[in-house]
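Secondary and tertiary structure notes
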Amino acid sequence: MLRITALAGGIGGARFLRGLLRAAPAAEVTVIGNTADDITLHGLHVSPDLDTVMYTLGGGIHEEQGWGRADESFAVMDELAAYGAEPQWFGLGDRDLATHVIRTQMLGAGYPLSAVTEALCDRWQPGIRLIPMTDDRVETHVVVAEPSQSDGPNERAIHFQEWWVRLRAAVPAQRIVFVGVDTATPAPGVLDAIEAADIVLLPPSNPVVSIGPILAVPGLRDAVKATSAPVVGLSPIVAGAPVRGMADACLTAIGVETSAAAVAGLFADLLDGWLVDVSDADAVPVVEATGVRCLAVPLLMRDLDAAAGMAGAALDLAGIAR
Ligand code: GDP
Ligand code: CA
């Protein structure tokens, strides 16, 4: 049985994983999900990336949007707004809310997030094992400049979701901080899944705020470095721009160019192979010069077949039979 372990954020990760399940239908796939986007809203614990993976693979996702539930309504949000409840910039649909209610109840009853995630996946049957990167609280915060009144602080940290969703990442980030990560420990099963894998994949997820926090959990990056499995990644940057979203704003914040080669550089200590899009063939020799095998293949997930083709190419690059 082929054992595949992938580190994943939300939309890019989930769409790739759906292709992976088609490319390697017999594989046992473990997904280590990013939880640093998690946020408490209206008293509820929301795990956007875990839910995007669960809904996408479980058939409940809003396809065009890429997050949230299909056939969604927003009656509860409207009622909350009528009370003036904040924030109003993060939409939680009525169907989606049920997930957050269950999650919050279970966490309140003392279950760790990993057990809660397993319970939620019992319903959705995503066809993979989904494990949060950690059961500890880790939150990505973005430090932005604040026009100061002479002697006040001239910067302020806001939750990643406020920067991404409310501000559309249009306010330059000075720093991106994973609050709590230093004392976090990998969730049960995470390190084993990396060590026992036949291949470790880095899907085309946001390198800074999706893959970044996962690798920042103490012990995790070392486990990916130490595993005997080949590690292969796919570029989320195509032709010098993110395919969707504002990953360029995140890369700028950490002083990294928005290019397929520069993103590979972030993971150079881990990678055996890296796939770039055909439009980025120039990056191939640059990446290969760092000792990482690199190939240019189509990397746009226009449909499931395209995503499956990308997953197949990643397995092929590592010489993994399926
Ligand atoms: P998020 O948590 O919902 O933002 O999702 P991820 O972190 O998993 O993925 C976001 C990244 O996916 C963005 O940086 C996009 O550039 C990338 N992405 C989205 N669609 C595609 C695609 O079709 N091809 C490639 N190569 N990258 C994609
Ligand atoms: Ca995310």
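This write-up is about the structure you can find in this document. Note that the structure is predicted; figures quoted are calculated from it, not measured.

When helices and strands are tallied, the protein shows 13 helices and 14 strands. Radius of gyration (C-alpha) of the protein: 19 Å, near the 20 Å computed for a compact globule of 322 residues. Referenced to the eigenvectors of the C-alpha coordinate spread, the extents of the protein come out at roughly 55 × 50 × 35 Å. A buried classification covers 53% of the 322 residues belonging to the protein. When contacts within the protein are restricted to residue pairs at least 6 apart in sequence, those whose partners lie at least 24 apart make up 69%. Surface accessibility of the protein: about 13800 Å² in total, with carbon and sulfur atoms responsible for 52%.

Before going further, it helps to examine helix α4 (residues 94-108). When the terminal C-alpha atoms of α4 are compared, their 21 Å separation across 15 residues agrees well with the 21 Å that a helix rising 1.5 Å per residue should span. Three or more residues of α4 are buried, namely Asp96, Leu97, Thr99, His100, Arg103 and Met106. Lining the buried residues of α4 we find β4 (44-46), α2 (48-58), α3 (75-82) and α5 (113-124). In the stretch just after α4, Gly110 is the one whose phi turns positive, near 105 degrees.

The coordination sphere of the calcium ion (ligand 2), as far as protein atoms go, consists of Asp37 (OD), Asp49 (OD) and Asp49 (OD), spread over 2.0 to 2.6 Å. On the criterion of sequence distance, the pair formed by Asp37 in the loop between β2 (28-33) and β3 (39-41) and Asp49 in helix α2 is long-range, its members being 12 residues apart. The residues Asp37 and Asp49 share a single accessibility class, namely buried.

This part takes up the packing of aromatic side chains. Applying the stated rule across the entire model yields six aromatic pairs. Geometrically, the ring pair formed by Phe267 and Trp274 is tilted, given 6.3 Å between the ring centres and 55 degrees between the ring planes. Under the relative-accessibility criterion, Phe267 is labelled buried at 4%. By way of ring pairs, the aromatic residues Phe160, Trp163 and Trp164 are connected into one cluster. The ring of Tyr55 has Arg69 lying over it, and the distance from NZ or CZ to the ring centre is 5.6 Å.

Taken together, 20 residues lie near ligand 1, and Ser205, Asn206, Ser210, Leu299 and Met301 sit nearest. Residue Gly10 places a main-chain N or O atom 2.9 Å away from an oxygen atom belonging to ligand 1. Taking Ser235, its main chain carries an N or O atom lying 2.8 Å from a nitrogen atom of ligand 1. For ligand 1, whose unbound accessible area comes to 590 Å², protein coverage reaches 92%. The site holding ligand 1 turns out to be the largest pocket. At three residues, the largest contribution of residues to the shell around ligand 1 is made by helix α1 (residues 11-23).

Further remarks concern the layout of surface pockets. Approximately 1000 Å³ is the volume attributed to the largest pocket. Lining of the largest pocket is provided by 42 residues; of these, Gly10, Ile11, Trp67, Trp164 and Arg244 occupy positions nearest its centre. A per-element tally of the lining of the largest pocket places α2 first, with five residues. Among the residues forming the lining of the largest pocket, the class breakdown is 21 nonpolar, 13 polar and eight charged.

Formed by 58 residues in total, the largest nonpolar core has its most connected members in Trp163, Ile176, Phe267 and Trp274. Ranked by the residues each element gives to this core, the list is headed by helix α10 (residues 247-253), at five residues. Beyond its immediate stretch of four places on either side in the chain, Phe267 contacts Leu202, Pro207, Ile211, Leu215, Arg221 and Trp274. Core analysis: the next-biggest nonpolar cluster, separate from the first, contains 43 residues, Leu2, Ala8, Phe16 and Leu201 among them.

Here strand β1 (residues 3-8) lies mainly inside the structure; five of its six residues are buried. With six bridges joining them, β1 and β2 adopt parallel strand pairing. Each residue of the ladder has a partner; that of Ile4, found in β2, is Val29. Regarding topology, α1 serves as the crossover connection from β1 to the parallel β2, and that connection is right-handed. Pairing between β1 and strand β9 (residues 199-202): three bridges, direction parallel.

What counts, and where the lines are drawn
- Residues numbered from 1 in each chain as written.
- Chains lettered and ligands numbered in written order.
- Predicted model: local features only at pLDDT ≥ 70, side-chain atom pairs only at ≥ 80, totals over all residues.
- Heavy atoms only, no water.
- Helix = DSSP H or I, 4+ residues; strand = E, 2+ residues; numbered from the N terminus.
- Rg over C-alpha atoms; globule rule 2.2 N^0.38 Å.
- Buried < 20%, exposed > 50% of the residue type's maximum accessible area, 1.4 Å probe, protein only.
- Contact = heavy atoms within 4.5 Å.
- Areas by Shrake-Rupley, 256 points an atom, 1.4 Å probe, with all protein chains shown as cover.
- Expected span 1.5 Å × (residues − 1).
- Donors = N, O, S within 2.8 Å, 3.2 Å for Na, K, Ca; no water.
- Phe/Tyr/Trp six-rings, centres within 6.5 Å; stacked < 30°, edge-to-face > 60°.
- Lys NZ or Arg CZ within 6 Å of the ring centre and 35° of its normal.
- Near = heavy atom within 4 Å.
- Polar contact = N/O pair within 3.5 Å; in protein donor to acceptor, adjacent residues only side chain to side chain.
- 1 Å grid on protein atoms, 1.4 Å probe; cavity = no way out; pocket = protein on both sides within 12 Å on 5 of 7 lines; lining within 4 Å.
- Sits in = over half its atoms within 2 Å of the grid points.
- Points joined across faces, edges and corners; volume = space filled by probe spheres on them.
- Nonpolar A, V, L, I, M, F, W, Y, C, P; charged D, E, K, R; others polar.
- Core = buried A, V, L, I, M, F, W, Y, C linked by side-chain atoms within 4.5 Å.
- Pairing = 2+ DSSP bridges.
- Right-handed = clockwise from strand over helix to strand, strands pointing away.

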